[in-house]
Amino acid sequence: MKLCIIGSGYVGLVTGACFAEVGHQVICVDNDQRKVDMLIAGEIPIYEPLLEGMVHKNVGAKRLSFTNSVEKGVDESEVIFIAVPTPPQPDGSVDLSYIEQAAREIAVVLKDYRVIVDKSTVPVKTGEKVAATIRRYNRAGAAFDVVSNPEFLREGCAVGDLMNPDRIVIGSSNEQATALMKKIYEPFMAPILVTDISSAELIKHAANSFLALKISYINMVSRICEASGADIENVADGIGADKRIGRNFLNAGIGYGGSCFPKDIAAFIAISEHLGEPFELLKEVQRINRTQCDRFIAKIREALWVLKDKKIAIWGLTFKPDTDDVRSSVAIDIVNQLVAEGAIVRAYDPKGMEKSQQMGLVPGVGFASSPLDAVQDAEALVIATEWKEFSNIGFQELKALMHTPLIFDGRNLLDPLVARQFGFTYYSIGRA
Ligand code: NAD
């Protein structure tokens, strides 16, 4: 099938590559000319495992191309996906201006029947607004249908998630559009759930909020572990072994971050209030998440007493491992807090340093060339992102390089017993 994706970021580019991989003809559109130039030159603007090879392969096979022209994409495709940002506004509600702009841009060039699919995460009822916008700006009076098809990929394993999804949600009120959507997803051989548009939109916000709730739940339990001497890993294993609950998203740590959870939970709260059914439970989820990071910094402060002029190494800047995405990363919040209190911070991240620097997220921080380079002469090491390579570093080597053998492990990455055997003072989350 001939498909167009508007917005070639984490979602749009990976979706485009995976659609091309299963044989569709895909045009990815972006209004960031620099990004389009990079993609045409064969450079991938984001780091995502397996993505680069897949993009190159499908560009080579002439199934995947890039442009800044919405008109070209709409003219040459049967189905148009919108995958533009939906960032938060200061009050937590969603800034829908990118969606509105994309809808308008499609409308002015729409000549024949097309299915317009919203893949961005949007508040319930957005589909109706998109349809109204297209009707308003489409002078040709072309027929179209709007469909909601929320995306559930996780950065760091986005290609795998897209190729093998747990389910595909199609929110549609038109049989022709539903049939086209089913045809697009047929090669993925995944369960397809067809719903009305509002339910599909709601599924995405409700799913992310539930996952965030699981994280805050286990983080709160971790505090009770700390207060009672129990061990959060044992407790999480015991809870997670129950099939009704599951072990995923029960890892205690410094809280969730990233470009999705914080904004989606805030958005769901805002929508619930707008609809007159305030979702107070989610406010507690937010509160626990916020204070989880504060408590971690308090532990560092407690152990080091005065942070001013203390040399602190940070491992990890991205919001999770296997990505270069540093948007709303808790690691970045921690770094900035330490710098604000006068610490001398040297950070290392396998993929996140360039973007942190480009986006000016961590002013006043030195960047190291390796995890071991970061800890040279450090008075403490803070682990803020659970990159696998950090867990392979030998304690002996670490101790030889550090000024003081002191570790704050915000992701429970290391083994407390082994750390202590090697003479480290070791703090983690919810473990004695
Ligand atoms: P992103 O910022 O990485 O990418 C968005 C792209 O859209 C950018 O390249 C931007 O230049 C482009 N763009 C903006 N307006 C445009 C326009 N009018 N025409 C053409 N291009 C335009 O964002 P993302 O992380 O891919 O997120 C996109 C949406 O998907 C959001 O709603 C997000 O909540 C949702 N989502 C994200 C993830 C994730 O893990 N990143 C997962 C599921 C859903």
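Asks: Quick rundown of the site of the ligand? Include the residues and the values.
Replies: Within the structure, the ligand sits among 27 residues, and Asp-30, Lys-35, Thr-86, Glu-155 and Lys-263 are positioned closest to it. With respect to the ligand, the side chain of Thr-86 contributes an N or O atom lying 2.6 Å from an oxygen atom. In the model, an oxygen atom of the ligand is placed 3.1 Å from a nitrogen or oxygen of the Arg-327 side chain. Protein chains shield 93% of the accessible area of the ligand, which is 830 Å² for the free molecule. Going through the elements one at a time, α1 (10-21) and α5 (97-109) are the ones with two or more residues in the shell around the ligand. It is α5 that contributes the most residues to the shell around the ligand, three residues altogether. Partitioned by chemical class, the residues of the shell around the ligand number nine nonpolar, nine polar and nine charged. Counting contributing residues, the shell around the ligand receives three or more from each of domain 1 (2-195) and domain 2 (204-285).

Asks: Provide a residue-level description of the sheet that holds strand β11 (residues 366-367), including the pertinent values.
Replies: Within the open sheet, the six strands sit side by side as β11-β10-β9-β12-β13-β14. Their pairing is parallel. Among the strands making up the open sheet, the edge pair consists of β11 and β14 (425-427). Examined bridge by bridge, strand β12 (residues 380-383) and strand β13 (residues 406-409) share three bridges and lie parallel to one another. Its bridge partner lying in β13, Leu-381 is registered against Ile-407.

Asks: Give a detailed account of the packing of helix α11 (residues 261-274) against helix α12 (residues 280-304), specifying residues and quantitative values.
Replies: Viewed as axis vectors pointing N to C, α11 and α12 meet at an angle of 155 degrees, and their least axial separation amounts to 9 Å. When the axis of α11 is compared with that of α12, the two are roughly antiparallel. Between α11 and α12 the crossing geometry is left-handed. When α11 is examined against α12, the residues Ile-265, Ala-266, Phe-268, Ile-269 and Glu-273 are found in contact with a partner set consisting of Leu-282, Lys-283 and Gln-286.

Scoring rules and cut-offs
Positions within a chain are numbered from 1, following the residues in the order the chain's sequence is written. A pLDDT threshold of at least 70 governs which residues receive local features in this predicted model, and a stricter bar of 80 or more applies before side-chain atom pairs are shown or counted, although totals over entire chains, interfaces and linings include all residues. Side-chain metrics rest on all non-hydrogen atoms present in the structure, leaving aside hydrogens and water. Distances are taken per atom, and a residue is near a molecule or strand as soon as one of its heavy atoms is within 4 Å of it. Pairing of N or O atoms within 3.5 Å defines a polar contact, subject to two protein rules: one partner must be a possible hydrogen donor and the other a possible acceptor, and residues neighboring in sequence count only if both atoms are side-chain atoms. Only the protein chains shown count as cover for residues, and all accessible areas are computed by the Shrake-Rupley method using a 1.4 Å probe. To qualify as a helix, a DSSP run of H or I must reach at least 4 residues; to qualify as a strand, a run of E must reach at least 2; elements of each kind are numbered from the N terminus. The classification used treats Ala, Val, Leu, Ile, Met, Phe, Trp, Tyr, Cys and Pro as nonpolar, Asp, Glu, Lys and Arg as charged, and all other residues, Gly among them, as polar. All domain edges in this entry derive from an automatic or database-based domain assignment. A pair of strands is treated as paired once DSSP finds two or more bridges between them. Axis lines are fitted through C-alpha atoms, for helices just across the contact stretch, and the angle between N-to-C directions can take any value from 0 to 180 degrees. When describing relative orientation, an angle under 35 degrees is termed roughly parallel and one over 145 degrees roughly antiparallel, while 65 to 115 degrees is termed roughly perpendicular and anything else oblique. A clockwise turn of the near helix away from the far one marks a right-handed crossing, whereas an anticlockwise turn of less than a right angle marks a left-handed crossing. Contacts between residues were defined by any pair of non-hydrogen atoms, one from each residue, lying within 4.5 Å.

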